[in-house]
Amino acid sequence: MRKHLSSYIVHCTLLIAIMIGATSCADLFDMDPAIMPSTMTLETHEVTLMVGDSCVIKPVFSPEDLSNNTVYWMSANPEIASFVTADSLLAVSPGTTEAIAISVTDYNKLDTCLVNVIERWALPEEDFPHETIVYANVRVHGEPLSDDDVLAAFVGGEVRGIGQMFEMGGHSVMRIRIAGDFVEPDEMEQQSVAFRVYSKRRHLVETFPQWIYFDGESHGTPSQPMLLEIQ
């Protein structure tokens, strides 16, 4: 109730300010100019979330010691992503929208963040007759995958395998079982396999430069895995 009331007050304040030609909320309430931000930008301007995941987008004010650095948040399309708390954005359904931040002390200070919402990666329901197996040592920007990262193999834009970590000889190895149809060698280019990682912590999807053909063989071994690396 308090959130909705606050949103209603901000909406009304902005509308009144626009109608009377005020340049900020401070003009209406005779606020001390010292609390007015000179700039307000978002820490990031693009995020990618899987449906059901959420993130906090942080505003950055100048000067940093403002007595009021409150931000009013809006989603351009709440059916794709909506704010469940004052600054926590929830991915609702696949699509693209924008998160909009407005300083409550100066509505001329605003910034936006592009929000890409994707379906959760899942194995195909179709029963493919063949598989290619990859054993990989995975590094992303010099670090191993975290528990929140998801690695998937794609064939023609479709998820065909999800990576799983397992212990082998005292070290961890990523195993990816990739489903597909066997093709003749001269048709393999039609079934190239791309590898992508979704970082829930960093809110983005990245594609590895390494790729393979779906050939029904094993690539790498538990003791000598191939390298999947994003530098």
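This text goes with the structure placed above it.
The rules behind the values
Residues numbered from 1 in each chain as written. Predicted model: local features only at pLDDT ≥ 70, side-chain atom pairs only at ≥ 80, totals over all residues. Heavy atoms only, no water. Helix = DSSP H or I, 4+ residues; strand = E, 2+ residues; numbered from the N terminus. Buried < 20%, exposed > 50% of the residue type's maximum accessible area, 1.4 Å probe, protein only. Contact = heavy atoms within 4.5 Å. Pairing = 2+ DSSP bridges. Axes fitted to C-alpha atoms, helices over the stretch in contact; angles between N-to-C directions. Salt bridge = Lys/Arg side-chain N within 4 Å of Asp/Glu carboxyl O. Core = buried A, V, L, I, M, F, W, Y, C linked by side-chain atoms within 4.5 Å.

*Asks:* Help me understand the environment of I162 in this model?
*Replies:* With respect to the helices and strands, I162 occurs in strand 12 (residues 158-162). Under the relative-accessibility criterion, I162 is labelled partly exposed at 23%. For the pair I162 and L123, spaced 39 residues apart in sequence, the C-alpha to C-alpha distance is 6.7 Å. Among all residues touching I162, those that are not within four sequence positions of it are W121, A122, L123, V150, L151, A152, R175 and I176.

*Asks:* In this structure, what is going on with the sheet that holds strand 16 (residues 204-213)? I would like to understand it.
*Replies:* In sheet architecture, strand pairing relies on hydrogen bonds along the backbone and comes in two forms, parallel and antiparallel. What the four strands build is an open sheet, ordered 12-11-15-16; its pairing is antiparallel. The open sheet has two edge strands, strand 12 and strand 16, and neither has a second partner. Between one strand axis and the next, the sheet turns by 35 degrees as a mean value, whatever way the strands run. Relative to strand 12, strand 11 (residues 149-155) is paired through four bridges, and the arrangement is antiparallel.

*Asks:* Can you help me understand the pattern of salt bridges in this one?
*Replies:* If the charged atoms of two oppositely charged side chains come close together, the side chains can form a pair. Enumeration over the complete set of coordinates arrives at six salt bridges. Here D53 makes a salt bridge to K200, at a shortest N to O gap of 3.9 Å. Note that D53 is positioned in the loop between strand 2 (46-50) and strand 3 (54-56) and K200 in the loop between strand 15 (192-199) and strand 16, a separation of 147 residues in sequence. We classify D53 as buried; its relative accessible area is 4%. Relative accessible area serves as the criterion here: at 35%, K200 is assigned to the partly exposed category. For E206, the salt bridge goes to R202, with nearest N and O atoms at 3.2 Å.

*Asks:* Before we go on, may I ask you to explain the sheet that holds strand 9 (residues 106-118) in this structure?
*Replies:* The strand order across the open sheet formed by four strands is 2-9-8-5, and the pairing between neighbours is mixed. Of all strands in the sheet, those bounded by a partner on one side alone are strand 2 and strand 5 (71-75). Adjacent strand axes in the sheet meet at a mean angle of 25 degrees when their direction is disregarded. Where strand 8 (residues 95-103) meets strand 9, nine bridges bridge the pair, whose relative direction is antiparallel.

*Asks:* Honestly, the pairing of strand 16 in this entry has me stumped. Any pointers?
*Replies:* Strand residues, when the strand is regular, have side chains that alternate between the two faces of the sheet. Taken together, the seven bridges between strand 15 and strand 16 define a ladder with antiparallel strand orientation. Across the sheet, residue A194 finds its bridge partner in strand 16, namely W211. Taking the residues that link successive antiparallel strands as the turn, the strand 15-strand 16 hairpin has four residues, and the phi of H203 there is positive, at about 60 degrees.

*Asks:* How do you make sense of the nonpolar core when you look at a structure like this?
*Replies:* Soluble globular proteins tend to pack their nonpolar side chains together in the buried interior. Of all hydrophobic cores here, the largest spans 26 residues; its most connected members are I57, W73, L89, A99, V115 and W121. Taken together, the elements giving at least two residues each to this core come down to strand 1 (39-42), strand 2, strand 5, strand 6 (81-83), strand 7 (88-91), strand 8, strand 9 and strand 11. In this structure, W73 is in contact with L42, I57, P59, F83, A86, D87, I100 and A101, ignoring residues within four places of it in sequence. Judged by nonpolar contacts, the second largest core, of 20 residues, contains V138, A153, V193 and I212.

*Asks:* Help me understand the pairing of strand 10 (residues 130-140) in this model?
*Replies:* Pairing of strand 10 with strand 14 (residues 171-180), which is carried by seven bridges, proceeds in the antiparallel orientation. Across the sheet, H130 pairs through a bridge with G180, a residue of strand 14. In this sheet, strand 17 (residues 218-219) lies alongside strand 10 in parallel orientation, the contact comprising two bridges. The partner of I133 across the bridge, within strand 17, is S218. One ladder, built from five bridges, connects strand 10 with strand 18 (residues 226-230); its direction is parallel. Counted as the bridge partner of R139 is E229 from strand 18.

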